[in-house]
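Each chain, written out:
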2 protein chains.
Amino acid sequence: MTNEIIVKLPEENYPIVIGEGVRQRFSELFKKHGQGRAFWLSDKNIVAAWDENLGGLCSNSHTDIIVMPPGEEQKQIATIERVCQILVTMGAERGDTLVACGGGVVGDIGGFAASVYLRGIPCVQIPTTLLAMVDSSIGGKTGVDLPEGKNLIGSFHQPAFVLIDVEFLKTLNGRQFRSGFAEVVKTALIGDASLYRSIEQGADDRCFQRDAATLIETITACVKFKADIVAQDEKEAGLRRNLNFGHTIGHALEALGNYAALSHGEAVFWGMTVAVDLSVQHGSLNHEIGQTIHQLLERYLKVIPAIHFRPKEVMDLILNDKKTKAGKPHFVLLEDIGKPIVTDQISNVILSNALEHLKHRMKRIKESS
Amino acid sequence: MTNEIIVKLPEENYPIVIGEGVRQRFSELFKKHGQGRAFWLSDKNIVAAWDENLGGLCSNSHTDIIVMPPGEEQKQIATIERVCQILVTMGAERGDTLVACGGGVVGDIGGFAASVYLRGIPCVQIPTTLLAMVDSSIGGKTGVDLPEGKNLIGSFHQPAFVLIDVEFLKTLNGRQFRSGFAEVVKTALIGDASLYRSIEQGADDRCFQRDAATLIETITACVKFKADIVAQDEKEAGLRRNLNFGHTIGHALEALGNYAALSHGEAVFWGMTVAVDLSVQHGSLNHEIGQTIHQLLERYLKVIPAIHFRPKEVMDLILNDKKTKAGKPHFVLLEDIGKPIVTDQISNVILSNALEHLKHRMKRIKESS
């Protein structure tokens, strides 16, 4: 089974192809949607786990791969400069294409470098982690970090196409996979009640066991949802904000753990429990539905790390978030499974209480597991 | 007299306002075309020549100015990072605007930083040099250099508006002014025969004397011409290539002089003499017209520096230019004053001869002046 989803944008459409072993179709897709020659960017882990042809991906492209070191700390503007310098050395010209094959960092660096090299060349995204497949490779957001915060420099650069081969997921460890699954659960909660039901009924277990058919189905649902939002709101003017469900608190927790104690997905899992609490407190979500969501989230929370934090620290970070408009934080809450709302009507007292509640929840879950 | 030219782009239109003392209209224009708060970028020379309010420009904006060191060597990605870091510290948010007030470097850094800060905020261009007024501030091209070459990293980022106050030209020295005038002569040659006639009849002298009315008229002609090309070819697919008249050789000479012996405009002046020679050699331009153009160019060539070079070095640089497609350099030539053509049919022999000719011309002009 191979699925194809078309992202429809004002300037042009591009396909996202999802399947098992679909990396074999790279040449065919590149001929149709690519431009010029393909120049490759990947990281040492991918090359080590697969081979120098990235599992047969680039055997026909006759150009070398730029292999960067792995890790979040590569997400800095100096890496962009280095990639561009290597592209010059390799002779990449206007109208050639940069193909980014890897996780979120490779995708971000590849997309951003492509958007500024010679004032912009096309790029192709080939995500190899679950997080990148369901989230970061879709939508054209690219970025690097500053000491002052994450993703403060970047661009919107839509790929020529996205190729999602679920076979790449075989080399992820449990923690990496689970971390990506946070975005799957988020998608279900804010936009796809039937995906939520299928997870409740065990699709998550089959995904964790790397069952190809379930993975393709689950990833396709997430991609479809995100592609649809991106098509309606390419530059994040409004609707795209729903995707931040669980992320306002999640980003703050991730930062408090110095981006080491908690992975992005783990922080988002904790962030989603707070968002559910706030939704019930705010009166938008029925208490019972809140409880069933908490039950599902606990499946994952039991096995992810907790961190120590003071609610005040989290609040300070939220009020300094770059997405904060005029000092008022916006929160994405739920009215029902699959129905998000955005509000700035959360008082500091309610937020502070919800963060105290999170501390207790972390403690309880960690003591019982 | 104040002129206003509208740049018409598919996504949106923006005005370029040209006049004497028009910086006083900044607040009014910002209210209409700007967004959020204005954050300022300028350089030490501008602040020294004017004042900390940039001649009254930013007295109402209540934010500090980012003052960068002057000079081409600032055109590097590290400067972009630093500007973005300061913007974070100042609290610049999505929907705020970066106003770049300065020469080409400030405009490039400001435009590029705005295009990537928080994945893109609006910018305003307030050029203070003749080169920036007639060329670099118009068209949305931004960029920084790599050790491997100039402008290899950048973006297309159209400003919200451009404000051209000819009073800023009072602080330019003769060499800086003349350098910018190369782009005026280029505009006349490739697109505006009546501008050419007015220069022939002495508009250049009045410009050099900073006569406001002549400056406004001359700059307006150049801006109109470039805005029209940009509107038709925003991303430099074809038509915009005409603007490279004199630049293929010019860039190479500039590089050979390590960007110190010759300024950009001086290199373009020499480059234009070669382009005229090639046009005659190629058979597209009548020999007599070629001679009258050479006569006009000599007015400036007499007072600008010459450099030592070997034709082979220049040829090597041209063949490695980023604009070279598949190893074949394109040249913009003339069929008549105001009528450019683009060709890749210039043999290496003809090019080499033209460069030998340039050596002799430099020698003769320098000996006679």
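### Observations regarding the packing of helix α6 (residues 174–191) of chain B against helix α11 (residues 287–301) of chain B
Residues and elements named next belong to chain B.
Here is step 1: Across the interface, α6 lies against α11 with an axial gap of 11 Å and an inter-helix angle of 170°. With respect to each other, α6 and α11 are oriented roughly antiparallel. When you trace α6 past α11, the crossing you get is right-handed. Side by side, α6 and α11 meet where Arg178, Phe181, Val185 and Leu189 of the first sit next to Ile293, Leu296, Leu297 and Tyr300 of the second.
Here is step 2: Across the contact of α6 with α11, the residue classes break down as seven nonpolar, no polar and one charged.

### A short note on helix α13 (residues 348–368) of chain B
All names here are of chain B.
Here is step 1: With 21 residues, α13 should cover 30 Å at 1.5 Å per step; its first-to-last C-alpha distance of 30 Å lies within 8% of that length.
Here is step 2: Every buried residue of α13 is accounted for by Leu351, Ala354, Leu355, Leu358, Arg361, Met362 and Ile365. Viewed end-on, α13 has its buried residues packed into an arc of 115°, placing them on one side of the element. Across from the buried face of α13, at angles greater than 90 degrees, the exposed residues are Val349, His360, Lys363, Glu367 and Ser368.
Here is step 3: The secondary structure elements touched by the buried residues of α13 are α9 (247–256), α10 (264–281), α11, α12 (311–319) and β10 (331–336).

### Details of the confidence of the model for chain A
Here is step 1: Considering every residue of chain A, the mean pLDDT works out to 93; 96% of them sit at 70 or more.
Here is step 2: Model confidence for the complex is summarised by a pTM of 0.92, with the ipTM given as 0.91.

### Re the relation of the copies chain B and chain A
Here is step 1: In the superposition of chain B on chain A (RMSD 0.0 Å, axial shift 0.0 Å), the rotation amounts to 180°. Put plainly, the chains are arranged around a two-fold axis.
Here is step 2: Comparing interface residues between copies, 100% of those in chain B also sit at the interface in chain A, which points to an isologous, same-surface contact.

### Notes on the interface of chain B and chain A
Here is step 1: With 32 residues of chain B at the contact, the number on the chain A side is 32 residues.
Here is step 2: Summing the contributions of chain B and of chain A, the shared interface buries around 3,000 Å²; its carbon and sulfur component is 53%.
Here is step 3: Connecting chain B to chain A are zero salt bridges.
Here is step 4: Connecting chain B to chain A are eight residue pairs in polar contact (both at pLDDT 80 or more).
Here is step 5: Residue assignment for the side of chain B that touches chain A shows that the elements contributing at least two residues are α3 (77–90), α4 (104–116), β7 (141–146) and β8 (149–156) of chain B.
Here is step 6: In terms of residue count, the dominant contributor to the side of chain B that touches chain A is β8 of chain B (six residues).
Here is step 7: Its residues assigned to classes, the side of chain B that touches chain A shows 13 nonpolar, eight polar and 11 charged.

### Digging into the packing of aromatic side chains
Here is step 1: Using the criterion set out here, one finds 18 aromatic pairs over all chains in the structure.
Here is step 2: Look at Phe26 of chain A and Phe161 of chain A: their rings are 6.0 Å apart centre to centre, the planes differ by 45°, and that puts the pair in the tilted class. A residue pair is termed long-range when its members are at least 10 positions apart, and Phe26 of chain A in helix α1 (residues 26–33) and Phe161 of chain A in the loop between β8 (149–156) and β9 (162–165) qualify at 135 residues.
Here is step 3: Three or more aromatic residues link up through ring pairs in this structure, and these residues are Phe177, Phe181, Phe208, Phe269 and Tyr300 of chain A.
Here is step 4: The ring of Phe309 of chain A has Lys359 of chain A lying over it, and the distance from NZ or CZ to the ring centre is 5.1 Å.
Here is step 5: The ring centre of Phe168 of chain B lies 5.7 Å from the NZ or CZ of Arg23 of chain B, which sits over that ring.

### Some words on the domain arrangement of chain A
All names here are of chain A.
Here is step 1: Structurally, chain A comprises domain 1 (2–171) and domain 2 (245–369).
Here is step 2: Here domain 1 and domain 2 have C-alpha centroids that lie 31 Å from each other.
Here is step 3: With four residues of domain 1 at the interface, the matching set in domain 2 holds four residues.
Here is step 4: Here domain 1 packs against domain 2, burying approximately 380 Å² in sum over the two surfaces, 65% of which is carbon and sulfur.
Here is step 5: Sorting the residues of domain 1 by area buried against domain 2 places Leu131, Lys150 and Leu152 first, and these three jointly supply 71% of that buried surface.
Here is step 6: At the junction of domain 1 with domain 2, the criterion picks out zero salt bridges.
Here is step 7: If you look at where domain 1 meets domain 2, you find zero residue pairs in polar contact (both at pLDDT 80 or more).
Here is step 8: Residue composition of the side of domain 1 that touches domain 2, by class: two nonpolar, one polar and one charged.

Conventions adopted
Residues numbered from 1 in each chain as written. Chains lettered and ligands numbered in written order. Predicted model: local features only at pLDDT ≥ 70, side-chain atom pairs only at ≥ 80, totals over all residues. Heavy atoms only, no water. Axes fitted to C-alpha atoms, helices over the stretch in contact; angles between N-to-C directions. Helix = DSSP H or I, 4+ residues; strand = E, 2+ residues; numbered from the N terminus. Parallel < 35°, antiparallel > 145°, perpendicular 65-115°, else oblique. Left-handed = near helix turned anticlockwise from the far one by under 90°. Contact = heavy atoms within 4.5 Å. Nonpolar A, V, L, I, M, F, W, Y, C, P; charged D, E, K, R; others polar. Expected span 1.5 Å × (residues − 1). Buried < 20%, exposed > 50% of the residue type's maximum accessible area, 1.4 Å probe, protein only. Arc of directions from axis to C-beta. pLDDT = per-residue confidence, 0-100. Least-squares fit on C-alpha atoms with pLDDT ≥ 70 in both. Buried area = accessible area lost by both parts, 1.4 Å probe. Salt bridge = Lys/Arg side-chain N within 4 Å of Asp/Glu carboxyl O. Polar contact = N/O pair within 3.5 Å; in protein donor to acceptor, adjacent residues only side chain to side chain. Phe/Tyr/Trp six-rings, centres within 6.5 Å; stacked < 30°, edge-to-face > 60°. Lys NZ or Arg CZ within 6 Å of the ring centre and 35° of its normal. Domains from an automatic or database assignment.

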